[in-house]
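Tertiary structure, described
Take a look at the letters that make up each chain.
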Amino acid sequence: MKNLEELSLKIADEFKSRGIVKAQHCLSSKETLEFTLELGEFKLLRTLFDNGLSVTVYDGARKGVAAGNDLSWDGINSVIDSAVSSARASDEDPAYDFAPDQGEHIYNDGAPDVDKDKFFERISEFSKTLSEEYPQLRVSEFIAKHQSFHIIQRNTNGSHFDKTSGYYEIVAQYCATGEDITTNIDYVALATVDLDTPFIDQSTIRKELDDSVLQLKRVEIPGKFTGSVILKPDCMQSFLGSIIGNYASSNSVLEGTSQWLDKVGEKVADERLTVTFDPEASCMINPTHITGDDFVAEKYSLIEKGVFNGHMLNLYAANKSGRPLIKNDGNNTIILPGSKSLDDIIRETKQGLIVKSFAGGQPGSNGEFSGIVKNSLYVENGEIKGAVTETMINGNLGSMLNNIRDISSEVVYDGFSAVPYIAFENIVVSTK
Amino acid sequence: MLEDILAGKKSLFADGVSTVLRGQENRNRRVILLKGNLVGNVRSESRGVSSRVCKNGVYGFSSMAEYSEDAAEAVLKAATENAIFLGNHTNKNVNLRKVESGLFVPYRDIVDLEQKRFIDLCKDLDAYIEKTYPDLLSRTVIYTEDSQDKIIYTSDACSGHVVTPRCFIYIFMSTESDSGAPIELFKAFGGRGCADDWFKDVTWMYPQIEELHKHLMDKKSGVYAEAGYKDVILGGSLAGMLAHEAVGHTVEADLVLGGSIAGKVLNERVASDLVTLIDYANVNNEGKEAALPIFMDDEGTKATDAVLIKDGILTGYMHDRESAERHGVEATGNARGWSFSDEPLIRMRNTAVLPGKDTLEDMIASIDDGYYLCETQNGQADLTGEFMFGICMGYEIKKGKLGKAILDTTVSGIAFDMLKTVDMVSDKMTWSSSGFCGKKQMIPVSMGGPELKCKIMIGGR
């Protein structure tokens, strides 16, 4: 294993000896232990050792980036050479920059050391529980891994970051099978540092498995209607990513396609919606402490009680547009819960869907989306009737935010975010 | 190219197991110009060595981010230990399909150019677009290269050195619709080879850029598609996406094992008899080199074509050595990994619906009320055969003629139901190879098809 701190200091010296006065570098090492089971039987054990180096060099107002994973001294110099030549080939742009001196910060997150025996025990236990308690589920693949990371970042402004982290992650992929029925691919996933609690009892794993079994009861829905869609947290996060990409990202400002360009400080969503990115929240097992511009990340509320606080601009986009910089890259999402339970939200649904996954690609710049819902349940007059197939939803991201019916009091913690269930109205639902 | 330092390590392969030792480098070059601003300027290489050992159907795998003899020895040892450890916790007893042995040698190199060449290339194109199309809200030009260099030694299959250079230029254009909302289209240019193979002279791109602009202008006054079950003509790139998403994934043998619908309908009719669908290894339907030629996969299996549907009948799956043995058929060489640290999985290569005899004009004329769907930007599929893909360019068809352009929408269906509705197949083929497929790991794939007339579920207002 390479001593990253030693290498980092050597790289900093190399910059000085080459006359490079403005540069950033990031060194990383990663170890992975991963088990794969297929239909309940162990199939593959992987042990992986990876390194990384990325170097950003500024040549006056020019910038070039290079990366590699060969941490021999020749390999490192090769990456520096590439970054230098890329910078020299680049255009001059005074907007290229990175953060001023942030000082020294050391972070230790999660569980960097793997407890292989206990992990193996929990994996075997989870697989056994699935086969015994959920015989209807055909688990085609169950992947369980532990990753540990060591990352050192330095730049010529004096910043020095040192992060050690690690966590366990499981993903079980399956379909439910019944007489003449096979459901869509479904999954449960968990990121955790807790090996004391069986995986099945963590987060909403058991609830999701129960919902997957419900998929075996299929219903025909009445053609096309405009109704309610309750997005499960995972799906909500996916929609949030599209909302940020279309309305609040650096690119959307630079391209001029954001439809929220003139909406800073204005209401863009229901007043019950607050979306925050908080790297210091205690529920985050692998927080993103540092932004891509080498700022120490700060908590940021993108939408606060329905009001848009401003685009998530990195330093380049801020310098280019003259708009405020946000020291947050949009990780570690927290959406504040509401006051109504999920059960009550379902009970108050006249006609709609509970959606776990949405397959619709990236919505257009105008926010229009359409796609198929998967692993989703139909609700009518407050009752879950069964699972839907070949069903599409259509709507507009911006309009959706102003058509929130309810936000659940329950929040799902997946290790990287804390997100409730959210019910939206006026979504077009159609089927064959 | 990689220097061969692995040949001497074959002597370290353990007895009684199947071993693959792979050294690999992935090389990426990327330049992004957004409205003339250089927002991306990156060069990267990722290199390492891995080993996979199979004992009675369980696998041990290990990799290191170091291409050296010491690293090769270390991963061989670790992979063997992993296989033994796992073997002690399972009763699995599956052999790998016997395959021929042989040696593949690379027949071309990856030519690396200075970053300045890529930047200048993008700037020239950007300047051309800015000057020629001043009515755009935004334009983005991206040069991207993802090349792979692999050296593979196996204990009981082929060995060899395979080199796969690829490069593309993406052009994105956006404008405002008549109602003031932003709309966007893009096109990819390039394929197998290095920058100078495709982009030494870029004037060949101009007619296609002009067509892209025309479609964007049509889309300005676009209308929403009407949601429902409709007669449509799928453009060639869509037929390719269909071949990949709607059919291809369901007939990957590992997903068949996982419960894919295709597992129940082998040798049965799954499409109209106008439909034949093949996953090509290295030579396409016209006898030319495929867009993504695979000669040997990452298990050392010599790659052969996988005929998946013949005249509407499901005839086979795509296999790795283990699934081929389970099914009692020959391995097809579909096992590939993206980076040195990725284990090989069953992946598609050049998946295509074959052309027929109809003309596009006749196909349009045959539809009273439907759509001509021209371009897609993404797609997904499921074990049930349910698929979806995003449509970014299309037109209404009214009374046998093209009408207004439609705004972005999505189509979906159940593959083996939809394919039975195909009643016309055009005589022209469109191939696209800029796509990536995600299935635990990303991997480059190529897909192709003619225009297809069929019935499909379309999303809309």
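Refer to the structure above for everything that follows.
Predicted, not measured: the structure shown is a model, and the values here were computed from it.

When helices and strands are counted, chain B shows nine helices and 25 strands. Computed over the C-alpha atoms, the radius of gyration of chain B is 23 Å, within 12% of the 23 Å expected from 2.2 N^0.38 for a compact globule of 461 residues. Projected onto the principal axes, the alpha-carbon positions of chain B cover approximately 70 × 55 × 35 Å. Looking at chain B residue by residue over its 461 residues, the buried ones come to 63%. Excluding contacts between residues fewer than 6 apart, the proportion of contacts in chain B whose partners are at least 24 apart in sequence is 74%. As presented, chain B carries roughly 16300 Å² of accessible surface, and 49% of it is formed by carbon and sulfur atoms.

This next bit is on the packing of aromatic side chains. Here the structure, examined in full by the defined rule, presents 31 aromatic pairs over all chains. Measuring from ring centre to ring centre gives 6.3 Å for Phe35(A) and Phe119(A), while their planes differ by 70°; the resulting arrangement is edge-to-face. One end of the pair, Phe35(A), is in strand β1 (residues 23-38); the other, Phe119(A), is in helix α3 (residues 116-133), with 84 residues separating them in the sequence. Neither Phe35(A) nor Phe119(A) differs from the other in exposure class; each is buried. Plain terms: the ring middles of Phe118(B) and Tyr143(B) are 4.4 Å apart, the flat faces sit at 10° to each other, and that makes the pair stacked. With Phe118(B) in helix α2 (residues 115-132) and Tyr143(B) in strand β5 (residues 138-154), this pair connects stretches of sequence that are 25 residues apart. Accessibility classification places Phe118(B) together with Tyr143(B) in one group, the buried group. In this structure an aromatic cluster arises from ring pairing among Phe35(A), Phe42(A), Phe119(A), Phe120(A), Tyr168(A) and Phe85(B). Here the guanidinium or amino end of Lys116(A) rests over the ring plane of Phe85(B), the centre of that ring lying 4.5 Å away. A cation over a ring is seen here: Arg166(B) above Phe436(B), with NZ or CZ 5.1 Å from the ring centre.

We now examine the packing of helix α1 (residues 4-18) of chain A against helix α2 (residues 73-89) of chain A. Residues and elements named next belong to chain A. With their axes 12 Å apart at the nearest point, α1 and α2 run at an angle of 50° to one another. Comparing their axes, α2 and α1 come out oblique. As for how α1 packs across α2, the hand of that crossing is right-handed. Residues Leu7, Lys10, Ile11, Glu14, Phe15 and Arg18 of α1 form the contact with α2, whose own contacting residues are Trp73, Ile76, Asn77, Ile80 and Asp81. Its residues assigned to classes, the contact of α1 with α2 shows six nonpolar, one polar and four charged.

Time to look at the sheet that holds strand β24 (residues 446-449) of chain B. Residues and elements named next belong to chain B. In spatial order, the strands read β12-β11-β10-β15-β24-β21; together these six strands make up an open sheet with mixed pairing. For this open sheet the edge positions go to β12 (313-314) and β21 (430-432), each flanked by a neighbour on one side alone. Bridge count between strand β15 (residues 350-353) and β24: three bridges; the pairing is parallel. Looking at the pairing, Asn350 lines up with Ser446 of β24. Of the strands in this sheet, β10 (277-280), β11 (306-310), β15, β21 and β24 are in contact with helix α5 (residues 236-247), which crosses β24 at around 120°.

Moving on to helix α4 (residues 206-220) of chain B. All names here are of chain B. Over its 15 residues, α4 extends 21 Å from the first C-alpha to the last, a length consistent with the 21 Å expected when each residue adds 1.5 Å. If you check which residues of α4 are buried, you get Ile209, Leu212, His213, His215, Leu216 and Lys219. All buried residues of α4 lie within an arc of 160° about the axis, which places them on one face of the element. Packing partners of the buried residues in α4 comprise α2, β7 (166-176), β8 (182-192), β17 (386-398) and β18 (401-405).

Many authors give the size of an interface as the accessible area that is lost as the parts come together. The interface of chain B with chain A comprises 78 residues on the first partner and 72 residues on the second. With both sides pooled, the region where chain B packs onto chain A buries about 6000 Å², and carbon together with sulfur makes up 52% of that total. Measuring nitrogen to oxygen at the nearest pair gives 2.9 Å for the salt bridge that ties Lys440(B) to Glu34(A). The tally of links from chain B across to chain A stands at 33 residue pairs in polar contact (both at pLDDT 80 or more). No other element matches the 10 residues that strand β2 (residues 37-55) of chain B contributes to the side of chain B that touches chain A. Both strand β3 (residues 62-68) of chain A and β2(B) contribute to a ladder of three bridges, which runs parallel. Bridge assignment links Val65(A) to a residue of β2(B), and that residue is Val42(B).

Criteria and cut-off values
- Residues numbered from 1 in each chain as written.
- Chains lettered and ligands numbered in written order.
- Predicted model: local features only at pLDDT ≥ 70, side-chain atom pairs only at ≥ 80, totals over all residues.
- Heavy atoms only, no water.
- Helix = DSSP H or I, 4+ residues; strand = E, 2+ residues; numbered from the N terminus.
- Rg over C-alpha atoms; globule rule 2.2 N^0.38 Å.
- Buried < 20%, exposed > 50% of the residue type's maximum accessible area, 1.4 Å probe, protein only.
- Contact = heavy atoms within 4.5 Å.
- Areas by Shrake-Rupley, 256 points an atom, 1.4 Å probe, with all protein chains shown as cover.
- Phe/Tyr/Trp six-rings, centres within 6.5 Å; stacked < 30°, edge-to-face > 60°.
- Lys NZ or Arg CZ within 6 Å of the ring centre and 35° of its normal.
- Axes fitted to C-alpha atoms, helices over the stretch in contact; angles between N-to-C directions.
- Parallel < 35°, antiparallel > 145°, perpendicular 65-115°, else oblique.
- Left-handed = near helix turned anticlockwise from the far one by under 90°.
- Nonpolar A, V, L, I, M, F, W, Y, C, P; charged D, E, K, R; others polar.
- Pairing = 2+ DSSP bridges.
- Expected span 1.5 Å × (residues − 1).
- Arc of directions from axis to C-beta.
- Buried area = accessible area lost by both parts, 1.4 Å probe.
- Salt bridge = Lys/Arg side-chain N within 4 Å of Asp/Glu carboxyl O.
- Polar contact = N/O pair within 3.5 Å; in protein donor to acceptor, adjacent residues only side chain to side chain.

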